[in-house]
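Residues per chain are reported as follows:
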Amino acid sequence: MRNNTCIKCHSSKIVKVGEESRYNNAICINAFKNAISTKYICCDCGYFEEYYENKNDREAIYKKFKE
Ligand SMILES: [Zn+2]
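Now for a description of the structure that goes with this document. Owing to the predicted nature of the structure, the values given are computational and were not obtained by experimental measurement. (Residues numbered from 1 in each chain as written. Predicted model: local features only at pLDDT ≥ 70, side-chain atom pairs only at ≥ 80, totals over all residues.)

**Overview of unusual backbone geometry**
Which entries qualify depends on this criterion: A run of DSSP states H or I qualifies as a helix once it reaches four residues; a run of E qualifies as a strand once it reaches two. Both are numbered from the N-terminal end.
One non-glycine residue, asparagine 4, lies in the positive phi region at around 70°. Assignment of secondary structure puts asparagine 4 in the segment before strand E1 (14-17).

**Brief notes about the pairing of strand E5 (residues 48-51)**
The condition that has to hold: In this description, strands pair whenever DSSP reports at least two bridges between them.
Examined bridge by bridge, strand E4 (residues 38-42) and E5 share four bridges and lie antiparallel to one another. Looking across to E5, one finds that threonine 38 is bridged to tyrosine 51. The antiparallel hairpin formed by E4 and E5 contains five residues in its connecting segment, where glycine 46 sits at a positive phi of about 90°.

**Regarding the sheet that holds E1**
Rule in force here: Helix axes are fitted to C-alpha atoms over the stretch in contact, other axes to C-alpha atoms as well, and angles between N-to-C directions run from 0 to 180 degrees.
Strand order in this open sheet of three strands is E1-E4-E5, and the pairing throughout is antiparallel. The sheet is open, and its two edges are formed by E1 and E5, each paired on a single side. Each strand of the sheet is rotated relative to its neighbour by a mean of 15°, with strand direction disregarded.

**A closer look at the pairing of strand E2 (residues 26-30)**
Here E2 runs beside strand E3 (residues 33-36); their pairing, made up of four bridges, is antiparallel. Each bridged residue has a counterpart across the sheet, and for asparagine 30 the counterpart in E3 is lysine 33. Taken together, E2 and the strand that follows it, E3, pair antiparallel across an intervening segment of two residues.

**Some details on the environment of cysteine 9**
Position of cysteine 9 among the secondary structure elements: in the segment before E1. For the pair cysteine 9 and tyrosine 47, spaced 38 residues apart in sequence, the C-alpha to C-alpha distance is 8.8 Å.

**So, the environment of alanine 26**
Put simply, the rule reads: Buried residues are those with 20 or more other C-beta atoms within 10 Å of their own C-beta, exposed residues have 12 or fewer, and partly exposed residues lie in between; C-beta atoms are placed from the backbone. Residue pairs qualify as contacts under a 7 Å threshold applied to their C-beta atoms, which are placed from the backbone.
When you line up the elements, alanine 26 lands in strand E2. The class for alanine 26 is partly exposed, based on 13 C-beta atoms found within 10 Å. Measuring from C-alpha to C-alpha, the distance between alanine 26 and isoleucine 36 comes to 4.8 Å, with 10 residues separating the pair along the chain. Apart from the residues lying within four places of it in its own chain, the contact partners of alanine 26 are Asn34, Ala35 and Ile36.

None of this, on its own, says anything about what the molecule does.
Okay, here's the thing in structure tokens:
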């Protein structure tokens, strides 16, 4: 998806929706920060993938949620 081709239908009508999406999945890292995900949405078939693209966010998620 991140190379602009849908893995389901092979369409190239992929849009990237990041922090501008109000209903994005946010993970609370601490009182001051949320990790915001980025979605890649296929506008032909509706399939989407979602990534936490900020490496610092991923590190914080790992530290918070690992056992
Ligand atoms: Zn598709």
